[in-house]
Amino acid sequence: MSFDVPDDRNYLESHEWVDHGDATATVGITDFAQDELGDVVFVELPDEGDDVTAGEEFGVVESIKAVSDLYSPVSGTVVGINDALHDQPELVNEDPFGEGWMLEVEVDEESDDLLSADEYRDQIE
Amino acid sequence: MSLRKPPLREVHAERGASFTEFGGWEMPVEFDSIQDEHRAVREEAGVFDVSHMGEIEVSGPDAAELLQRLTTNDVTALDRGDSQYSMITDDEGTILDDTVVYRLPEGESAEFLFVPNAGHDEQMEERWTAHRDEWDLDADVENVTDDYGMFAVQGPDAPGLVADLADESVTDLSKFEGRYATVAGARCWVARTGYTGEDGFELIVPAEASETVWSALECQPCGLGARDTLRMEMGFLLSGQDFDPEENPHTPYEAGVGWTVKLDTEFVGRDALERVDAEGVDETFVGVRLVDRGVARHGYEITDADGESIGEVTSGTMSPTLNEPIALGYVATEHADPDTNVRVVVRGDSKKAKIATVPFLGENR
């Protein structure tokens, strides 16, 4: 099976992605991760204004079969969360790199462990 | 230790299944999506490979006596072709395993067939032969787990689907009744039993015919993931998870299956269970519905509304049918009434919940 790994993002080994915008970055989990988890039924995210730290947990994703911690690829302040996931957690399965995004963060610092798309592809192959 | 594989391991892999270890077996957990598979069973039909379940044949003049003395239910109540749900208990009345005991038709190679849970077949074979020898009974015990595959075809459309493939009539079978029938050319034991709360059959299929029969059962293939969510909606026990003689010891009365215990029969654990029946139970198996958002999982603490610990979750999921989190577990009996307000501690957060009646889906299933 081949998984979508967009070239314009960076990745963590723990299967989160970060998309660097101008002022803020968007964070979510990868196509590979959503496939491993199966049907996502619940996503627990921080509140706007909370701080997240690169490499540390920022939330939890529950699928029917498992619960997994979410790790932040960046340090900074949460300026937006994807409210749609409250009622439609399945968006994480359907569109992990798009409508299934999780956080918008005003970035202070990036993780030292970010992978390029090629490096992440190697990891999941 | 290497994992035991069902006969169709490679066929399932081809079909895109993901696998999990369960009871020492490598079994398909998901073919497409647990929710889709679950829905197919509730609304149409789904087929499960449950070849990890054990099959043990018992024959000989004392076969009934041996089973009677090692299971809680009354084996003598079974007509030929009938089956019953039963518990296997130790001296103290603790559940070792739950099982279905089939009394086979006349002229078959064995009198009885019983189905212990995955990974328990060898232990039960030993238990049966050791007690047979101890009690000096004339019975043969044969563990035929590796000779057979087992498929569960479940859902409102399941009876018609199996009937179309069978040379003999099967839809006239009543609940818990079975017969040998030729399905897709193979002689199978076809029983109207299951673990989903839906109508349907369980087929015990010669290992060499597994692929032919599996391929002929054209409906949604389902993995252990959906099997788990379906049985949880019904409040059915899962061996090793909702009870376990080592980690989670319970009597049938605590586990809500006291109805399988026939105290007017003689069996290992009877005297202990008679005392439990007379004294009542301190802990009771209940359903729990979470009011707050979150999913309860095995091992999570249940507290009363004030935060005092009253029990533990043994199984939990997001119910695909109800689209709300449900759980099963044990609580102190005084908190076991439906609608009692309780809390479930989900990763440190105390979530509001209520004791619920099981099955979660209502009685008419």
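Engineer: Tell me what's going on with the overall build of chain B, and back it up with residues and numbers.
Structural biologist: From N to C terminus, chain B includes eight helices and 19 strands. Taken over C-alpha atoms, the radius of gyration comes to 20 Å for chain B, in line with the 21 Å a tight globule of 365 residues would show. When its C-alpha atoms are laid out on the principal axes, chain B stretches across 60 × 50 × 40 Å. When the 365 residues of chain B are sorted by exposure, 51% land in the buried category.

Engineer: Tell me about the interface of chain B and chain A, and please be specific about residues and values.
Structural biologist: Each side of the interface is counted separately: chain B has 14 residues, and chain A has nine residues. Mapped onto the side of chain B that touches chain A, the elements with two or more residues apiece are β2 (25–30), α2 (34–43), α7 (224–234) and β16 (309–319) of chain B. Residue composition of the side of chain B that touches chain A, by class: four nonpolar, six polar and four charged.

Engineer: Any chance you could break down unusual backbone geometry for me, citing the residues and the numbers?
Structural biologist: Residue and element names in this part refer to chain B. Omega for the peptide link from V358 to P359 comes to -5 degrees, which places this bond in the cis form. Examined against the element boundaries, P359 turns out to sit in the segment after β19 (349–356). The phi dihedral of D136 falls on the positive side, at around 60 degrees, and the residue is not glycine. One can find D136 in the loop between α4 (121–135) and β8 (140–143). The class for D136 is exposed, based on 7 C-beta atoms found within 10 Å.

Engineer: I'd like a rundown of the domain arrangement of chain B, residues and numbers included.
Structural biologist: Note: interface size is frequently given as the accessible area lost on complex formation between the parts. Residue and element names in this part refer to chain B. The domain architecture assigned to chain B consists of domain 1 (9–53 + 146–234), domain 2 (56–141) and domain 3 (258–356). Computed over C-alpha atoms, the centres of domain 1 and domain 3 are 29 Å apart. Each partner contributes to the interface: domain 1 provides eight residues, whereas domain 3 provides seven residues.

Engineer: Would you mind going over the packing of helix α3 (residues 63–70) of chain B against α4(B) in detail, with residue names and values included?
Structural biologist: Residues and elements named next belong to chain B. Packing of α3 against α4 leaves a shortest axis separation of 10 Å and a crossing angle of 110 degrees. Comparing their axes, α4 and α3 come out roughly perpendicular. Note on packing geometry: the crossing formed by α3 with α4 is right-handed. Residues L66, R69 and L70 of α3 lie in contact with α4, whose contacting residues are R127, W128, H131, R132 and W135. Its residues assigned to classes, the contact of α3 with α4 comprises four nonpolar, one polar and three charged.

Engineer: Describe the sheet that holds strand β4 (residues 40–44) of chain A, naming the residues involved and giving the relevant values.
Structural biologist: Residues and elements named next belong to chain A. Taken in spatial order, the three strands of this open sheet run β4-β6-β7, and their pairing is antiparallel. Strand pairing shows two members of the sheet lacking a second neighbour, β4 and β7 (67–71), which therefore form its edges. On average, each strand axis in the sheet is tilted by 25 degrees relative to the strand beside it, whichever way the strands run.

Engineer: Hey, could you go over the pairing of β2(B) for me, with residue numbers and the actual values?
Structural biologist: Consecutive side chains of a regular strand alternate in pointing toward one face of the sheet and then the other. Residues and elements named next belong to chain B. Of all six residues that make up β2, five are buried, and the element is covered over most of its length. As judged from the five bridges shared by strand β1 (residues 18–22) and β2, these two strands associate in the antiparallel manner. Counted as the bridge partner of F19 is P28 from β2. In this structure, the hairpin formed by β1 and β2 is closed by a connection of two residues, where G23 is found at a positive phi of approximately 60 degrees.

Engineer: So what's going on with the sheet that holds strand β2 (residues 16–20) of chain A? Which residues, and what values?
Structural biologist: Strand order in this open sheet of six strands is β1-β2-β3-β9-β8-β5 (chain A), and the pairing throughout is antiparallel. In the strand order of this sheet, the two ends are held by β1 (10–11) and β5 (51–52) of chain A, each with one partner.

Engineer: Before we move on, could you go through the pairing of β19(B) and cite the residues and values that matter?
Structural biologist: All names here are of chain B. In this sheet, β19 lies alongside strand β14 (residues 283–290) in antiparallel orientation, the contact comprising four bridges. Within β19, the position partnered with L290 by the bridge is A353. Here six bridges tie strand β18 (residues 341–346) to β19, and the two strands are oriented antiparallel to one another. Bridge assignment links N341 to a residue of β19, and that residue is K354. Between the antiparallel neighbours β18 and β19 lie two residues, among them R347 with a positive phi of about 45 degrees.

Engineer: Tell me what's going on with the nonpolar core, and back it up with residues and numbers.
Structural biologist: One broad rule of soluble globular proteins: the nonpolar side chains tend to lie buried together. Ranked by internal contacts, the top residues of the largest apolar core, which has 132 residues, are B:F151, B:V153 and B:L203. Ignoring anything within four residues of it in the chain, the contact list for B:L203 reads B:M150, B:F151, B:V153, B:V183, B:C188, B:W189, B:V190 and B:V213.

Engineer: Pulling in residues and values, what's your account of the confidence of the model for chain B?
Structural biologist: For chain B, per-residue confidence averages 96 on the pLDDT scale, and residues scoring 70 or more make up 99% of the total. Two summary scores accompany this predicted model of the complex, namely pTM at 0.93 and ipTM at 0.83.

Engineer: Account for the packing of α2(B) against α7(B), naming residues and giving values.
Structural biologist: Residues and elements named next belong to chain B. Where α2 contacts α7, the axes come no closer than 8 Å and their chain directions differ by 55 degrees. Put simply, α2 runs oblique to α7. Seen along the crossing, α2 lies across α7 with a hand that is right-handed. Between α2, through I34, E37, H38 and V41, and α7, the contact on the second element is made entirely by G225, A226, T229 and L230.

Calculation criteria
- Residues numbered from 1 in each chain as written.
- Chains lettered and ligands numbered in written order.
- Predicted model: local features only at pLDDT ≥ 70, side-chain atom pairs only at ≥ 80, totals over all residues.
- Helix = DSSP H or I, 4+ residues; strand = E, 2+ residues; numbered from the N terminus.
- Rg over C-alpha atoms; globule rule 2.2 N^0.38 Å.
- Buried ≥ 20, exposed ≤ 12 C-beta atoms within 10 Å, placed from the backbone.
- Contact = placed C-beta atoms within 7 Å.
- Nonpolar A, V, L, I, M, F, W, Y, C, P; charged D, E, K, R; others polar.
- Domains from an automatic or database assignment.
- Axes fitted to C-alpha atoms, helices over the stretch in contact; angles between N-to-C directions.
- Parallel < 35°, antiparallel > 145°, perpendicular 65-115°, else oblique.
- Left-handed = near helix turned anticlockwise from the far one by under 90°.
- Pairing = 2+ DSSP bridges.
- Core = buried A, V, L, I, M, F, W, Y, C linked by C-beta atoms within 7 Å.
- pLDDT = per-residue confidence, 0-100.

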